[in-house]
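# Results of the structural survey
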Amino acid sequence: MVVDNKGRISYLRVLKEDLLILRITPNEGQVPDFKAGQFLTVGTHIPREGKVIRRAYSIASPPEQKSNFELLIRWVRKPVPGRLTTEIFNIKEGDEISWVKPTGIFTINQTKPDGTPDQRRMVLIGGGTGLAPFIAYSLHLKSTNSKREIVVLHGASYVDELSYRELLTQLEDESIEGGRDKWNFRYRASISRPQEWFNRTWGGQKGRVESFLRPKAGTDKSPLEELVGEKITPDNTCFYVCGWQGTVDGALDYLVPKGFVTDRQKRKDGSYDVKFESYG
Ligand SMILES: Cc1cc2nc3c(=O)[nH]c(=O)nc-3n(C[C@H](O)[C@H](O)[C@H](O)COP(=O)(O)OP(=O)(O)OC[C@H]3O[C@@H](n4cnc5c(N)ncnc54)[C@H](O)[C@@H]3O)c2cc1C
Ligand SMILES: NC(=O)c1ccc[n+]([C@@H]2O[C@H](COP(=O)([O-])OP(=O)(O)OC[C@H]3O[C@@H](n4cnc5c(N)ncnc54)[C@H](OP(=O)(O)O)[C@@H]3O)[C@@H](O)[C@H]2O)c1
């Protein structure tokens, strides 16, 4: 049976008309223990539906953040307005909301099947709001002093949809200033509609986020390989992908021919190199 807990909207930041960050503070006690990459089921009673509508949202805050959950939410408007997101985009700070305890398997793999630590570079590919679990990953790995190399790649249609750009840039700056032996973090973004006037200032990677994996014209090196300075192989890198199914498929189109194996088709020894979560 679903057990609904009560919480209050303790922070609301509208990034643009259909994209926001909100925090839910539990009415009683602290945020329960959970793992970076899990999702929270949020619900509210919708009078015209005559029932509580619940939906899953990846938790963007790390498990160490005990006072509230942070979520990154897109207002779904097409082909018809989404039931819960339309409510959420009319919510105010202080309003009450229900939440069901975190769950999910899209979590960080710290060990190999033989129990030894997995020390491979982690490349985290987020399409749109699919970035949310990787904010939790990054902040969790930072607060646990992880020495793994982390590369966050974010794809968005418009520059003002590069949520968490300041935070991710700051995490990379800390890596540069403090030394990669202490914190090894890189962040790059890609804009998929670079020709639109609103994106005229964009000078970075262009195309959907999976274009970071595509060899550059006339070379056999992808922008990701240029960034990390070596060839990407299943021995040195594992991938986590979240967003549209098209983003997952686009990434797999490059990775599978290179011998990368997903968690849904593990090798005989139980090992794999790509984990993904998508819907829609
Ligand atoms: C594990 C997981 C994590 C997620 N994390 C996030 C996240 O971090 N951020 C985020 O923004 N979302 C996330 N989602 C998506 C979220 O759970 C919801 O699916 C999304 O917010 C839409 O919910 P809704 O109630 O507003 O839309 P719904 O009412 O469920 O509608 C969904 C879609 O169906 C269409 N639709 C609805 N009714 C009809 C109809 N009668 N005829 C035709 N089309 C219809 C709507 O227009 C919309 O396009 C996640 C989902 C999962 C499974
Ligand atoms: N844990 C989870 O499972 C989880 C968490 C958060 C979000 N999500 C899901 O991730 C998806 C992202 O939604 P969003 O509104 O945030 O994204 P969005 O802003 O519409 O798009 C983000 C990026 O993905 C590209 N894109 C759009 N449709 C695509 C497709 N079919 N195939 C490949 N790339 C595509 C866009 O390119 P264009 O500019 O070319 O359109 C854009 O660059 C949704 O399905 C969302 O529900 C899943």
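Residues numbered from 1 in each chain as written. Chains lettered and ligands numbered in written order. Predicted model: local features only at pLDDT ≥ 70, side-chain atom pairs only at ≥ 80, totals over all residues.

### Comments concerning the overall build of the protein
What the protein contains, in helices and strands, is 5 helices and 12 strands. Computed over C-alpha atoms, the radius of gyration of the protein comes to 19 Å, within 12% of the 19 Å expected from 2.2 N^0.38 for 280 residues, which places it in the range of a compact globule. Expressed along its principal axes, the backbone C-alpha trace of the protein runs to roughly 55 × 50 × 40 Å. Counting across all 280 residues of the protein, residues that qualify as buried make up 35%. Across the protein, every contact between residues at least 6 apart in sequence was considered, and the portion connecting residues at least 24 apart equals 64%. (Helix = DSSP H or I, 4+ residues; strand = E, 2+ residues; numbered from the N terminus. Rg over C-alpha atoms; globule rule 2.2 N^0.38 Å. Buried ≥ 20, exposed ≤ 12 C-beta atoms within 10 Å, placed from the backbone. Contact = placed C-beta atoms within 7 Å.)

### Describing the site of ligand 1
The immediate surroundings of ligand 1 are formed by 21 residues, with Arg 55, Gly 82, Arg 83, Leu 84 and Thr 85 found nearest. Of all the secondary-structure elements, those providing two or more residues to the shell around ligand 1 are β4 (51-58), β5 (69-74) and α1 (83-88). Ranked by the residues each element gives to the shell around ligand 1, the list is headed by β4, at 5 residues. Per-class residue counts for the shell around ligand 1 are 12 nonpolar, 4 polar and 5 charged. Counting the residues that make up the shell around ligand 1, at least three belong to each of domain 1 (5-103) and domain 2 (121-278). (Near = placed C-beta within 6 Å. Nonpolar A, V, L, I, M, F, W, Y, C, P; charged D, E, K, R; others polar. Domains from an automatic or database assignment.)

### Section: the domain arrangement of the protein
By domain assignment, the protein separates into domain 1 (5-103) and domain 2 (121-278). Computed over C-alpha atoms only, the centres of domain 1 and domain 2 are separated by 25 Å. Listed as interface residues are 17 residues of domain 1 and, on the opposing side, 14 residues of domain 2. Elements represented by at least two residues in the side of domain 1 that touches domain 2 include exactly β1 (5-16), β2 (19-26) and β5.

### Concerning the pairing of strand β9 (residues 184-191)
Of all 8 residues in β9, 6 are buried, a share of seventy percent or more. As defined by bridge partners, strand β8 (residues 149-156) adjoins β9 across 8 bridges and the pair is classed as parallel. Of the residues in β9, the one forming a bridge with Val 152 is Tyr 187. Of the strand pairs in this sheet, β9 and strand β10 (residues 205-206) are connected by 2 bridges, and their pairing is parallel. What sits directly across from Ile 191, in β10, is Lys 206. (Pairing = 2+ DSSP bridges.)

### With respect to the environment of Gly 104
With respect to the helices, strands and loops of the structure, Gly 104 is situated in the loop between β6 (96-103) and β7 (121-127). Once the C-alpha coordinates of Gly 104 and Phe 34 are considered, the two residues, 70 residues apart in sequence, prove to be 9.4 Å apart. Setting aside residues up to four positions removed in sequence, Gly 104 forms contacts with Gly 37, Gln 38 and Phe 39.

### Some remarks on the nonpolar core
By size, the foremost hydrophobic cluster in this structure holds 59 residues, and its most contacted members are Leu 71, Leu 124, Phe 239 and Val 241. By residue number, the principal contributor to this core is helix α2 (residues 132-143), which donates 7 residues. Looking at this core, you find at least three residues from each of domain 1 (5-103) and domain 2 (121-278). Those residues within four positions of Phe 239 in sequence are excluded, and the remaining contacts are Val 123, Ile 125, Ala 251, Leu 255, Phe 260, Asp 273 and Val 274. (Core = buried A, V, L, I, M, F, W, Y, C linked by C-beta atoms within 7 Å.)

### Let's talk about α2
Between its first and last C-alpha, α2 extends 17 Å over 12 residues, near the 16 Å set by a 1.5 Å rise per residue. Buried residues dominate α2, accounting for 10 of its 12 residues. All of the buried residues along α2 are Ala 132, Pro 133, Phe 134, Ile 135, Ala 136, Tyr 137, Ser 138, Leu 139, His 140 and Leu 141. Backbone geometry just after α2 places Asn 145 at a positive phi near 55 degrees. (Expected span 1.5 Å × (residues − 1).)

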